[in-house]
Amino acid sequence: MRSAVPPPADGGGGGGAETVLLTPGPLTTRPETRAAMDRDWGSRDPAFIELTAQVRRRLLALANAGEGFTCVPMQGSGTFAVEAQLGTLVPRDGRLLILVNGAYGRRMTEICRRAGRAYSVLETGETEPPERAAALAGRLADEPDITDVALVHCETTTGILNPLADLAAAVSEAGRRLHVDAMSSFGGIPIDLARLPVTSLAASANKCLEGAPGVGFVLARTEHLAACADNAHAVSLDLHGQWAGLEANGQWRFTPPTHVLAALDRALDALDDEGGVAGRFARYWENCRTLVDGMRGLGFETLLEDAVQAPIIVTFRAPADPAWHFQTFYDRLAERGFVIYPGKLAQVESFRVGCIGAFRADTMARFVAATEGVLSEMGVASGGSAL
């Protein structure tokens, strides 16, 4: 169903060059998505209640989630949704095995520590996917007290895509529940919950859905969520309480992000117009290929092998040239209208460039040209790195 938000009287839009956010969220949004926030909503008005219900249905449909799933939106960033997910759906007397190969897997361990949930960690290097199915199955067999497993689908620390289907099968065969942080993949990489044995999946409006920051959501198996009353460690992060309220009267328990939800609904229209997740996946891959080919042409090296690179964000090793200085590089790119991310690795100096957002490959080609100009200004001979 199309957006319930009426277009602005002037048709929206806006002219002039804008800064391109080559980051993994917040990211560059469409003018019509921003224009959808140019209206106030009463949180208890029937129109907003219907808007909430509509967005919930649309998000479930994106993941091909059938009647056995429900969608629970949550105020806040994606981490709020993940904390609600783990704090509500992992039993107080359970034990969570967290697959870690980056900062966001490690963040899950901090969530569990603060929430008082017992957990174990299966960690691999940041450039390697988590243990393959056989190794994971062995770990689950060795630790029968593990009730749940959690993993990050696309770890934006590096841009690595973890093998969700293989790992989900291993968890299911061991009789455990799987919880997925799909923050940086949902809407941009196909996920089929009708085929994947996943108990819950958390994501956010401001990543591949290309909405505004401020709302996350969890897709959860209804039967399991219904059994989790009073399990949450926090009042505002009680996923069951939020779901129960929405099911009872369609209302959020606390003040909802009304404008952000309207923007998400409009952003979902754009996703439909693009051909759904498959269409967006193709565009992101074109962005990624243009970026990687162009940067390699300047001498830069990607941190990851192509086989595990997701079309979401790419990590590049910093040049070995003594004239290189990241902050100068960042500032001069920003002057040209491009915002990137610093690296998130302790062992390797690097920087990251996002491939997601409301732009196409021609923008990536302009970014590569801008990078070449900045390197010349800085006196950096090439992007070649010291290994």
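One can find the structure itself at the top, above this paragraph.
All chains use their own residue numbering, which begins from 1 and follows the written sequence. Totals for whole chains, interfaces and linings use all residues, but because this is a predicted model, local features are given only for residues with pLDDT of at least 70 and pairs of side-chain atoms are given and counted only at 80 or more. In computing side-chain values, all of the structure's heavy atoms are included and hydrogens and water are not.

Chemist: Teacher, can you tell me more about the layout of surface pockets here?
Modeler: Where empty space is left can be seen by rolling a probe of water-molecule size over the atoms. Space inside the largest pocket adds up to approximately 340 Å³. Whether a set of points on the 1 Å grid over the protein atoms alone is a cavity depends on a 1.4 Å probe fitting there but being unable to get out, while an open set qualifies as a pocket with protein on both sides within 12 Å along at least five of seven lines; lining residues are those with an atom within 4 Å of a point. Lining the largest pocket are 24 residues, with Thr79, Tyr104, Arg107, Met183 and Lys207 sitting closest to its centre. Here a helix means four or more residues in a row that DSSP labels H or I, a strand means two or more in a row labelled E, and each is numbered from the N terminus. At the level of secondary structure, the elements contributing two or more residues to the lining of the largest pocket comprise α3 (78-89), α4 (103-115) and β6 (154-155). Counting residues per element, the lining of the largest pocket draws most heavily on α4, at 4 residues. Amino acids outside the nonpolar list (Ala, Val, Leu, Ile, Met, Phe, Trp, Tyr, Cys, Pro) and the charged list (Asp, Glu, Lys, Arg) are all regarded as polar, and Gly is one of them. Grouping the constituent residues of the lining of the largest pocket by class yields 11 nonpolar, 9 polar and 4 charged. Grid points are joined across faces, edges and corners, and a volume is the space filled by probe spheres set on the points.

Chemist: Would you mind going over the environment of Cys154 with me for this structure?
Modeler: You can see Cys154 is positioned in strand β6. You can call Cys154 buried: its relative accessible area is 2%. Note on contacts: a residue pair qualifies if any of its non-hydrogen atoms lie within 4.5 Å across the two residues. Setting aside anything within four residues of it in sequence, one finds Cys154 in contact with Gly159, Ile160, Leu161, Ser184, Ser185, Ala310 and Ile312. Relative accessible area decides the class of each residue, using a 1.4 Å probe on protein chains only: under 20% of the type maximum gives buried, over 50% gives exposed, and in between gives partly exposed.

Chemist: Where do I start with the sheet that holds strand β13 (residues 341-342) in this structure?
Modeler: Hydrogen bonds between backbone groups are what pair the strands of a sheet, and the pairing can be parallel or antiparallel. Think of it this way: DSSP has to see at least two bridges between two strands before they count as a pair. The sheet built from 3 strands is open, its strands ordered β11-β14-β13 with antiparallel pairing. Bordering the open sheet on either side are β11 (313-317) and β13, each of which pairs with just one other strand. Where helix α10 (residues 276-297) meets the sheet, its contacts fall on β11 and β14 (350-354), and the angle it forms with β11 comes to roughly 10 degrees. In this analysis, axes come from line fits to C-alpha atoms, helices being fitted only over the stretch in contact, and the angle between any two N-to-C directions falls in the range 0 to 180 degrees.

Chemist: I keep staring at the side chain of Asp238 and nothing clicks. Help me out?
Modeler: Here Asp238 lies in the loop between α7 (222-226) and α8 (239-249). Neither His nor the chain ends contribute to the count of charged residues, in which Lys and Arg are positive and Asp and Glu negative. By definition here, a salt bridge exists when the distance from a side-chain nitrogen of Lys or Arg to a carboxyl oxygen of Asp or Glu is within 4 Å. Among buried charged residues, Asp238 stands out as having no salt bridge; its nearest opposite-charge side chain is Arg253, 4.7 Å away. With near-sequence residues (within four places) excluded, Asp238 lies in contact with Thr88, Ala232 and Arg253.

Chemist: In this structure, what is going on with empty space enclosed by the protein? I would like to understand it.
Modeler: Across all of its chains, the model carries 1 cavity of 30 Å³ or more by this definition. Contributing to the lining of the largest cavity are Leu62, Ala63, Phe186, Gly187, Ile189, Pro190, Ile191 and Val277. Residues that form the lining of the largest cavity fall into these classes: 7 nonpolar, 1 polar and no charged.

Chemist: Even after reading the chapter, I still don't get the pattern of salt bridges, so can you show me in this structure?
Modeler: Should the charged atoms of two oppositely charged side chains come close, the side chains can pair. Applying the stated criterion across every chain yields a total of 23 salt bridges. Residue Glu210 pairs with Arg283 through a salt bridge whose shortest N-O separation is 2.9 Å. Of the two residues, Glu210 sits in the loop between β9 (200-204) and β10 (215-221) while Arg283 sits in helix α10, which places them 73 residues apart along the sequence. The exposure class of Arg283 is buried, given its relative accessible area of 3%. Close ionic contact of Arg332 with Glu377 constitutes a salt bridge, the shortest N to O distance being 3.5 Å. Here the residue Arg332 occupies a position in helix α11 (residues 326-335), and Glu377 occupies one in helix α12 (residues 361-378), the gap between them amounting to 45 residues. Take Glu377: its relative accessible area is 44%, and that puts it in the partly exposed class.

Purely geometric numbers; function is a separate question.
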